[in-house]
Amino acid sequence: MAHLWRRFRYHIAVFFAVIGPGFITAVVDNDSGGIVTYSQAGARWGYLPLWTLLPITIVLIITQEMCSRMGAVTEKGLSDLIREEYGLRVTFVMMTLLVLANLTNIMAEFAGIASSLELFHVSRYVSVPLCAAAVWFLAVKGNYRSVEKIFLFACVVYVTYVISGFLVKPDWKEAAIYTVKPVLMLDASYINMLIGMVGTTIAPWMQFYLQAAVVEKGVKLKNFKYSRWDVIVGCIVTDVVAFFIIVACAATIYASGHREIKDAGEAALALKPLAGQAASALFAFGLCNASLFSACILPLATAYYVCEGLGLESGINKRLREAPEFYALYTGLIVIGALAVIVLSESKQVPIILLSQVVNGVLLPFVLIFMLRLINRKDLMGEYRNNRTFNIIAWVTCVVMLALTLVGVVTTFLPGSPPTG
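Residues numbered from 1 in each chain as written. Predicted model: local features only at pLDDT ≥ 70, side-chain atom pairs only at ≥ 80, totals over all residues. Heavy atoms only, no water.

Asks: Explain the overall build of the protein here, please?
Replies: Looking only at helices and strands, the protein has 19 helices and zero strands in total. Taken over 421 residues, the protein has a buried fraction of 56%. By sequence separation, contacts in the protein at least 24 residues apart represent 85% of the contacts at least 6 residues apart. A total of about 17800 Å² of accessible surface is found on the protein, and carbon and sulfur atoms cover 68% of it. (Helix = DSSP H or I, 4+ residues; strand = E, 2+ residues; numbered from the N terminus. Buried < 20%, exposed > 50% of the residue type's maximum accessible area, 1.4 Å probe, protein only. Contact = heavy atoms within 4.5 Å. Areas by Shrake-Rupley, 256 points an atom, 1.4 Å probe, with all protein chains shown as cover.)

Asks: Looking at this model, I keep getting lost on the pattern of salt bridges. Mind explaining?
Replies: Between side chains of opposite charge, pairing is possible as soon as their charged atoms come close. In the structure shown here, the tally under the stated rule is seven salt bridges. The salt bridge involving Glu85 is made with Arg377; its shortest N-O contact spans 2.7 Å. With Glu85 in helix 5 (residues 78-86) and Arg377 in the loop between helix 17 (346-375) and helix 18 (378-381), the pair connects residues that are 292 residues apart, well separated along the chain. In this structure Arg377 comes out as partly exposed when scored by relative accessible area, which is 25%. (Salt bridge = Lys/Arg side-chain N within 4 Å of Asp/Glu carboxyl O.)

Asks: In this structure, what is going on with the packing of aromatic side chains? I would like to understand it.
Replies: Geometrically, a pair of aromatic rings is defined through the distance of the ring centres and the angle of the planes. The final tally for this structure, using the stated rule, is ten aromatic pairs. When the centroid spacing of 6.4 Å and the interplanar angle of 55° are considered together, the rings of Trp205 and Tyr209 count as tilted. Of this pair, Trp205 and Tyr209 both sit in helix 12 (residues 204-217), separated by four residues, roughly a single helical turn. The class for Trp205 is buried, based on a relative accessible area of 2%. Relative to Phe244, the ring of Phe243 lies with its centre 5.3 Å away and its plane at 85°, an arrangement referred to as edge-to-face. The residues Phe243 and Phe244 share a single accessibility class, namely buried. In textbook terms, an aromatic cluster arises when at least three aromatic residues are bridged by ring pairs, as seen for Trp205, Tyr209, Tyr304, Phe326 and Tyr327. (Phe/Tyr/Trp six-rings, centres within 6.5 Å; stacked < 30°, edge-to-face > 60°.)

Asks: Quick question: what am I supposed to make of the packing of helix 4 (residues 53-74) against helix 11 (residues 188-201) here?
Replies: A pair of packed helices can be characterised by two numbers: the angle between their axes and the separation between those axes. The geometry of helix 4 relative to helix 11 is characterised by a closest axis approach of 10 Å and an angle of 35° between their N-to-C directions. As helix 4 runs across helix 11, the sense of the crossing is right-handed. When helix 4 is examined against helix 11, the residues Leu53, Ile56 and Leu60 are found in contact with a partner set consisting of Met197, Val198 and Thr201. The residue makeup of the contact of helix 4 with helix 11, split by class, is five nonpolar, one polar and no charged. (Axes fitted to C-alpha atoms, helices over the stretch in contact; angles between N-to-C directions. Left-handed = near helix turned anticlockwise from the far one by under 90°. Nonpolar A, V, L, I, M, F, W, Y, C, P; charged D, E, K, R; others polar.)

Asks: How should the nonpolar core be read in this particular structure?
Replies: It is characteristic of soluble globular proteins that their nonpolar side chains tend to be buried jointly. Phe110, Trp205 and Phe208 are the most contacted members of the largest nonpolar core, which has 109 residues in total. Per-element tally for this core: the top contributor is helix 15 (residues 277-309), with 15 residues. (Core = buried A, V, L, I, M, F, W, Y, C linked by side-chain atoms within 4.5 Å.)

Asks: Could you clarify how one ought to interpret the environment of Leu312 in this entry?
Replies: The residue Leu312 is located in the loop between helix 15 and helix 16 (324-343) in this model. By relative accessible area, which is 33% here, Leu312 ends up partly exposed. It is 7.6 Å that separates the C-alpha atoms of Leu312 and Ala323, two residues lying eleven residues apart in sequence. For Leu312, the residues in contact, after removing those within four places along its chain, are Cys307 and Glu325.

Asks: Looking at this structure, I do not really get a nonpolar patch on the surface. What am I missing?
Replies: On the surface, Leu88, Phe92, Val93, Leu97, Leu310 and Leu312 cluster together into a nonpolar patch covering about 520 Å² of accessible area. One can find Val93 in helix 6 (residues 88-118). (Patch = residues over 30% accessible without salt bridge, like charges linked within 9 Å, V, L, I, M, F, W, Y side chains within 5 Å.)

Asks: Can you walk me through the side chain of Asn391 in this structure?
Replies: Structurally, the position occupied by Asn391 is in helix 19 (residues 388-412). A polar contact of 2.9 Å, which involves the side chain of Asn391, links it to the side chain of Asn376. A distance of 3.1 Å separates the side chain of Asn391 from the side chain of Asn386, its partner in a polar contact. Filtering out sequence-adjacent residues up to four positions away, Asn391 remains in contact with Leu372, Asn376 and Asn386. (Polar contact = N/O pair within 3.5 Å; in protein donor to acceptor, adjacent residues only side chain to side chain.)

Here's what the structure looks like:
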């Protein structure tokens, strides 16, 4: 009995030693842009979009596990591998597109900070500069272990969305039905919503950040099974949170007939007369936490994969003078994202933020294609190559995303198309 207890304690200790990259990467995906997307999905379409979360969770687990495995096997980041295998030109083009997409995502995070704290009567001219300074200080003055602990604590705060979901007293029967009942419509806004949900849940930048984080944490193959569970738990948690965001908005905003919201802050405000002060405050606090958390991760992830892809020094374990380009890019992204929120009006910010989620969905299949070509290389991965099931699901995801993008473009010019099911 004592032997079994020691083994159990050993497994738990190793799990908590490797936990972090997978869990943080998955949970941070519920950022300001993601919360806007889920809130608008629930507000406009009610419980209908819930069916997408099951397949999205499966695809998210598979894509994240592939990156985690490549990081543990090769001890190199994804952009590093792309540069080595496909050359600097291809890497530069992909990095440029991802930086542009991430810059709008970073802007969305600071917009989320501004809109959430304005509900607590804090001006954006105060909240955005202070939070931008805090984000910059965290990475520049911290190290990987200290930063990771703060990120893991921020993950816990996402429980506020679960509590909000229960406080609004939704129709659980209808929610359960639409969780397993697919609904497809040839409607441009509905299809763009689907693309946005996939793009915000399985964002391209996540794959680069996760693999870089696994490498920097030093996860080895002998402990990879624990890293895999880190990924699985994180993916499940992130989509459970997404479920409750959609449910909260479906049970209140959609049910009231309002159905149009500009941002997640407006969703939190709309909950107040419909579900009470507590649900509204929790939703707003969750938005502030998610936005601040993601405002830390996104510039960090972008700086990681750009510097890796260009063969430059990167990592928060390195000092400023050891990785000047890494910290310069990190600082520049924070400054531009924060300034955009202060200078641009909300009416100009929202279309950019929503477009960034769709751009994520369009870029995703191309990132997956690179990942699949790399992870199936025998000389690179050896016995840790993908199995047939992983390959089938990943390739189907690529095809579905390309098809959705094409249909979304076509239906944009054919408004009022009839539903298909």
